[in-house]
Amino acid sequence: MESRTTLPATTWTPDVSKLPKRDVWQAMRRGLRCRCPNCGEGKIFRAFLKVADNCSVCGQDLSGHRADDLPAYLVIVIVGHIVVPIALWIETNYSPPVALQLAIYLPVTLFSSLLLLQPIKGAVVGLQWALRMHGFDETRPENEEEGTIAKLNVTTLK
Ligand SMILES: [Zn+2]
């Protein structure tokens, strides 16, 4: 038995060539300050990690972001690359008691992660807005669902 998969002839691709370019770094800096990537004035969050649906100043629709797990991943990478080398260096040179090390590293890791999570998420939303990713792409057709794989036509030959 042999099976064959055929993709549809036409697929939708974003056309951003006619739209004005957005400054990626400026949008990410504004996001880092937890401000709207469009105007830099309005707040981007309505709660700790809940992105507001619209900017309160310029009205920019912010609901189209898909930050998902990226901010948490980036925070783990950043905090891990700071805390682990320091812990290794202190252990190698001073080897203090384990209880003392845990009493320092665990709270430092926890609080630096909580401190970084919101600005990093803001920067990710800013990046997605500047690059017109996901829901920030105005040219996307209404019926095109994010993450939908084009319908596959699977035929089985006997
Ligand atoms: Zn705004």
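Everything numeric in this text was worked out from a predicted model, so none of it was measured.

**Q** Which residues make up unusual backbone geometry, and what values go with them?
**A** Within the chain, Cys34 stands out as a residue other than glycine whose phi angle is a positive 65 degrees. With respect to the element layout, Cys34 can be found in the loop between α1 (24-32) and α2 (70-94). Even without being glycine, His134 reaches a positive phi, approximately 50 degrees. Residue placement: His134 occurs in the loop between α3 (98-130) and β2 (153-157). Residue His134 is classed as partly exposed on the basis of its 16 C-beta neighbours within 10 Å.

**Q** Provide a residue-level description of the environment of Val125, including the pertinent values.
**A** With respect to the element layout, Val125 can be found in helix α3. Taking C-alpha positions, Val125 is 5.9 Å from His65, a pair spaced 60 residues apart along the chain. Setting aside chain neighbours within four positions, we find Val125 in contact with Gly31, Pro37, Ile44, Val51, Leu62, His65 and Ala67.

**Q** Residues and numbers for the environment of Gln118, please.
**A** Along the chain, Gln118 falls in helix α3. Setting aside its immediate chain neighbours within four residues, Gln118 contacts Cys34, Phe45, Phe48 and Leu49.

**Q** Can you tell me about α3, naming the residues and giving the values?
**A** Helix length check: α3, at 33 residues, gives a terminal C-alpha distance of 46 Å against a target of 48 Å (1.5 Å per residue), a fit within 8%. Maximal helix bending in α3 amounts to about 30 degrees, located at Leu117; proline Pro119 follows within four positions. Every buried residue of α3 is listed here: Ile120, Lys121, Gly122, Ala123, Val124, Val125, Gly126, Gln128, Trp129 and Ala130. Positioned one or two residues after α3, Arg132 has a phi angle of 55 degrees, which is positive.

**Q** Please set out the nonpolar core residue by residue, giving values where relevant.
**A** In this structure, Val125 and Trp129 are the most contacted members of the largest nonpolar core, which totals 14 residues. Elements that contribute at least two residues to this core include exactly α1 and α3. Among the elements that take part in this core, α3 stands out by supplying 6 residues, more than any other. Setting aside residues no more than four positions away along its own chain, Trp129 makes contact with Ala27, Pro37, Asn38 and Phe136.

**Q** A description of the environment of Leu106 should follow, citing residues and the corresponding values.
**A** When you line up the elements, Leu106 lands in helix α3. Exposure remark for Leu106: the 11 C-beta atoms within 10 Å place this residue in the exposed category. Sequence separation between Leu106 and Val83 is 23 residues; the distance between their C-alpha atoms is 9.5 Å.

**Q** So, the confidence of the model for the protein: which residues are in play, and what are the values?
**A** Confidence in the prediction of the protein, expressed as mean pLDDT, is 87, and 83% of residues score 70 or more. Of all helices and strands in the protein, the one with the weakest mean pLDDT is β2 (47), whereas α1 scores best (97). When the criterion is pLDDT under 50, residues 149-156 qualifies, and its contacts beyond four places in sequence or with other chains add up to 12 contacts.

What counts and what doesn't
- Residues numbered from 1 in each chain as written.
- Predicted model: local features only at pLDDT ≥ 70, side-chain atom pairs only at ≥ 80, totals over all residues.
- Helix = DSSP H or I, 4+ residues; strand = E, 2+ residues; numbered from the N terminus.
- Buried ≥ 20, exposed ≤ 12 C-beta atoms within 10 Å, placed from the backbone.
- Contact = placed C-beta atoms within 7 Å.
- Expected span 1.5 Å × (residues − 1).
- Bend = angle between axes of the 7 residues up to and from the residue.
- Core = buried A, V, L, I, M, F, W, Y, C linked by C-beta atoms within 7 Å.
- pLDDT = per-residue confidence, 0-100.

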